[in-house]
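Each chain is listed here by its residues.
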Amino acid sequence: MIEKTIGIMGAMPQEIEAVVQLLDDKQELVLGKRTYYSGKINGIKTVVVFSRWGKVAAAATVSCLILEFNISELIFTGVAGAINTELKIGDIVIAKRLIQHDMDARPLMPQFEIPLLNKTFFEVRQEKINAATIAVNHLIDNDHLSAAINPKTLKKFGIGSPKLFIGDIASGDKFFSMKSDKESLIASIPSIKCVEMEGAAVAQVCYEYDIPFTIIRTISDTADEQSAIDFPLFVKDISSKYSAEIIKNIYKQFG
């Protein structure tokens, strides 16, 4: 039987710093210009690493986790820009499916289809969605949220009662800051909840190696010209704490 080893990737350095603090017996190993932190959380072998930004960097990082550290499961946390108008800053999206919005090999194959795999979306296993749902719902319960994050800090970013969404996430090597780009993506893929730069690439690698994965994103902006928050402060004070609390809540479910 393969020993459970969980890989945890974060989209921002500050997010993995909060998770690294959860590790017991921490060790560090530098490979490919990345520092991998290994240890145990709740007695379970865990490796934590900053993914770096973009699809190539994230794919390289998860490949190393699989091949060098023999992970049996992957959890990715990070921030994302809202595409669906229902989403607000501070809301959380758990990926149901992931798609690479910048993959286009037409006319050789349909838009968004991954060459040789005949897949457009990469699906998350339902049991992983269920576990993440329990973890997120526990965090955003009013009593738990105010204990994890100072209510004044939440108010500063306009976060009152954050909501959980489960749906499709799009990834690509493009930062969305124009409403026209956002509208174009919605027109092409109406089911998309949010957009980021790594998740679908990570999902593809995990799919090819048959590794279960979970992708959880905190909405940091609205992916258009109206985004006007202090992003570094949001990551430090909100999303990093979200990540650590969600990870703790997921680990509580492991038997």
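Residues numbered from 1 in each chain as written. Predicted model: local features only at pLDDT ≥ 70, side-chain atom pairs only at ≥ 80, totals over all residues. Heavy atoms only, no water.

Caption draft 1: Representation of the overall build of the chain within the structure. In terms of regular secondary structure, the chain is built from eight helices and 10 strands. Within the span of the chain, comprising 255 residues, buried residues form 54% of the whole. Long-range contacts, defined here as pairs at least 24 residues apart, represent 78% of the contacts in the chain between residues at least 6 apart. With an accessible surface of roughly 11900 Å², the chain has 52% of that area assigned to carbon and sulfur atoms. Averaging the coordinates of the 28 positive side-chain charges in the chain and doing the same for the 31 negative ones gives two points 3 Å apart. (Helix = DSSP H or I, 4+ residues; strand = E, 2+ residues; numbered from the N terminus. Buried < 20%, exposed > 50% of the residue type's maximum accessible area, 1.4 Å probe, protein only. Contact = heavy atoms within 4.5 Å. Areas by Shrake-Rupley, 256 points an atom, 1.4 Å probe, with all protein chains shown as cover. Lys, Arg positive; Asp, Glu negative; His and termini not counted. Charge placed at Lys NZ, Arg CZ, Asp CG, Glu CD.)

Caption draft 2: Layout of the packing of aromatic side chains. Applying the stated criterion to the full structure yields five aromatic pairs. Their ring planes at 80 degrees and their centres at 5.7 Å tell us that Phe 50 and Trp 53 sit as a pair that is edge-to-face. In this arrangement the basic side chain of Lys 174 is found over the ring face of Phe 176, its NZ or CZ atom lying 5.8 Å from the centre. (Phe/Tyr/Trp six-rings, centres within 6.5 Å; stacked < 30°, edge-to-face > 60°. Lys NZ or Arg CZ within 6 Å of the ring centre and 35° of its normal.)

Caption draft 3: Spotlight on the environment of Lys 119. By the secondary structure assignment, Lys 119 is in the loop between strand E6 (92-100) and strand E7 (122-123). It is 31 Å that separates the C-alpha atoms of Lys 119 and Tyr 251, two residues lying 132 residues apart in sequence. When near neighbours in sequence (up to four residues on either side) are disregarded, Lys 119 contacts Phe 112, Glu 113, Ile 114 and Tyr 207. A polar atom in the side chain of Lys 119 sits 3.3 Å from the backbone oxygen of Phe 121. (Polar contact = N/O pair within 3.5 Å; in protein donor to acceptor, adjacent residues only side chain to side chain.)

Caption draft 4: Structural detail: the pairing of E6. Counted residue by residue, E6 has seven buried out of nine residues, so it is predominantly covered. Two strands pair when backbone bridges link them, and E6 and strand E10 (residues 213-221) are joined in this way by three bridges, in the antiparallel orientation. Note that in E10 the partner of Ile 92 across the bridge is Thr 218. Relative to E7, E6 runs antiparallel, the two being bridged by two bridges. Pairing of Leu 98 across the sheet is with Phe 122, part of E7. (Pairing = 2+ DSSP bridges.)

Caption draft 5: Just the nonpolar core, in detail. Formed by 73 residues in total, the largest nonpolar core has its most connected members in Ile 8, Met 9, Leu 65, Leu 74, Leu 98 and Val 202. Considering every element that reaches this core, the biggest residue donor is helix H8 (residues 231-251), with eight residues. Those residues in contact with Ile 8 that lie beyond four places of it in its chain are Val 19, Ile 41, Thr 46, Val 47, Val 48, Val 49, Leu 74, Ile 75, Ile 247 and Tyr 251. (Core = buried A, V, L, I, M, F, W, Y, C linked by side-chain atoms within 4.5 Å.)

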